[in-house]
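# Tertiary structure, described
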Amino acid sequence: MSEDTATSQLHESGAAILGSIFSLVRALRLYAPNNAAVIRILDELESNLTSWFEQGDTELSLKVMTGEAFVNGRLLKTDVGLYEKITSLHERLSLLGVNEFTFLHGIDRATLESLAADLVEAMTNNENKLALRDTGTLRLGLAKGDAIASYRFEPDRLAVWLYGSLLDLADTLYQQVLTGPPPSLLPLRRTLQLVIDNMRSHAAIYQLLAAISDPDQVPSPATRHVRVAIDMVGFGLFLNLPVRDLMTMGLAGVLGGIATGQDTDAAIRSLLGMPGLGEAAMPLTLLLHDAVAARAHRESGMPGRTLAMIETYIAQTSASAQHPAHAPHGVLKVMAAGKVGWLPSELAHAFFAYKGVFPLGSLVQIDGQDLAIVVARRAGVAERSRPTVLEIRPGETEQGAQGERIDLIEHPELKITGTPALATIGLRISDLVSAT
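An account of the accompanying structure is given in this report. The structure displayed is predicted, hence computed values, not measured ones. (Residues numbered from 1 in each chain as written. Predicted model: local features only at pLDDT ≥ 70, side-chain atom pairs only at ≥ 80, totals over all residues. Heavy atoms only, no water.)

## Thoughts on the overall build of the chain
Helices and strands together make up the secondary structure of the chain, namely 14 helices and ten strands. Across the chain, contacts joining residues at least 24 apart in sequence account for 67% of those joining residues at least 6 apart. When the accessible surface of the chain is summed, it comes to about 19,800 Å², and 51% of that surface belongs to carbon and sulfur atoms. (Helix = DSSP H or I, 4+ residues; strand = E, 2+ residues; numbered from the N terminus. Contact = heavy atoms within 4.5 Å. Areas by Shrake-Rupley, 256 points an atom, 1.4 Å probe, with all protein chains shown as cover.)

So, in structure tokens, the structure goes:
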């Protein structure tokens, strides 16, 4: 079984079992353990556990924290519905003094029925606590602290899960905008907050993830605007903006694909009915309003022009029906040269400083022949043109395509002599993701 298949099965099983526990806790507030509705939920939980253990696994651990859940130590990707279940379940379990369930191979129906009876007793007892215990096939625990602390030594792994969750949420959001009713933005805000916190010290990982694309594949609007959100947050961090502004910028990056067209009022009207905007509602509305005005070459404020600038950069460096993906270095040079009429030169130069002469994830040519991908760069203006690169060898097998990692500052004899676009080389950066 491939790692992708195993991960997918873990998430499917984890989401199903979490849903069963959510239904069980909710039902037991109204019904006795022998009620037909409770029995049906126990049947469902038993069936989900049986399906999991039939795959050869011996354990499934579910940890429900504030706003997120972990299955066997992995962050569970969430959509709007699952996020609401996680949030509600955490609130109810926190009153009972438990938030971790570990099911082991061999668990029987009697153990699940005993769990249901104990839940009822805890919810009706004055002390309102569920006894933590280990029966041999069921362990109940209480995990405290920040859920994301579980990943403090694996920032790259956390970045992958958060970026993947952001893509999933954006896809769902864009679909719901078309079909209605207005979707809640609470899950998006929660995931963005985690992304912002992680990007404070590991922003480079997110820029690399956002650069992963195939040169002949046109990204969906949701995917493209998640890339915009990453650069909006990254640019905000580069400028040392406060947390509240970073959230507004991240939301604007994702939602900018919904606020389209040149009619500023119509562009933001679809956003006003979305619950969950909170304190970001007013600054977000103004930012998106100004971004539409900037794209239409009308008077607009700097925040709106920032969004329009980054949307333009992402659009030009992504494949579309009109053009292949352009090299990031060339797009930045055009912007910094003042060739985008509505873009202030000081804003373009600040963005250039944030991205660097050769942005992370972009393709470069070394000494006119060897190809490499930019994977890191040191802090400081003087080092912007001498990044760390990973050699690549197009045409070879995936395993053989990974060359040396070279810090060009330590190798002054090597020069970057070109920045070809991916489409001209036919290279898929996604084939090299494990190396980068």
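Next, the rest of the story.
## Re the pairing of strand β6 (residues 363–366)
Strand direction decides the pairing type here: β6 and strand β7 (residues 370–376), joined by four bridges, are antiparallel. Bridge pairing in β7 places Leu 363 opposite Ile 373. Where β6 lies against strand β10 (residues 416–418), two bridges are found, and the strand directions are antiparallel. The residue of β10 that forms the bridge with Gln 365 is Gly 418. (Pairing = 2+ DSSP bridges.)

## Re the packing of helix α5 (residues 155–179) against helix α6 (residues 186–211)
Put simply, α5 and α6 touch, their axes get as near as 8 Å, and they point 130° apart. With respect to α6, the axis of α5 lies oblique. For the pair α5 and α6, the sense of crossing is left-handed. On α6, the residues touching Pro 155, Asp 156, Leu 158, Ala 159, Val 160, Leu 162, Tyr 163, Ser 165, Leu 166, Leu 169 and Leu 173 of α5 are Pro 187, Leu 188, Thr 191, Leu 192, Leu 194, Val 195, Asn 198, His 202, Ile 205, Tyr 206, Leu 209 and Ala 210. In terms of residue class, the contact of α5 with α6 is made up of 18 nonpolar, four polar and one charged. (Axes fitted to C-alpha atoms, helices over the stretch in contact; angles between N-to-C directions. Parallel < 35°, antiparallel > 145°, perpendicular 65-115°, else oblique. Left-handed = near helix turned anticlockwise from the far one by under 90°. Nonpolar A, V, L, I, M, F, W, Y, C, P; charged D, E, K, R; others polar.)

## Focus: empty space enclosed by the protein
Tallying each qualifying case throughout the model produces four cavities of 30 Å³ or more. The space that makes up the largest cavity amounts to roughly 330 Å³. Around the largest cavity, the lining comprises 24 residues; the ones closest to its centre are Ala 210, Ala 211, Tyr 313, Thr 317 and Pro 328. Among the elements of the structure, α6, α7 (221–238) and α11 (302–316) are those that each provide at least two residues to the lining of the largest cavity. In terms of residues, the lining of the largest cavity owes the most to one element, α6, which gives three residues. Taken as a whole, the second largest cavity holds about 80 Å³ of empty space. Lining the second largest cavity are Gly 67, Glu 68, Leu 75, Leu 76, Thr 78, Tyr 83, Leu 162, Ser 165, Arg 190, Thr 191 and Leu 194. When contributions to the lining of the second largest cavity are tallied by element, the ones reaching two or more residues are α5 and α6. Broken down by class, the residue content of the lining of the second largest cavity amounts to five nonpolar, four polar and two charged. (1 Å grid on protein atoms, 1.4 Å probe; cavity = no way out; pocket = protein on both sides within 12 Å on 5 of 7 lines; lining within 4 Å. Points joined across faces, edges and corners; volume = space filled by probe spheres on them.)

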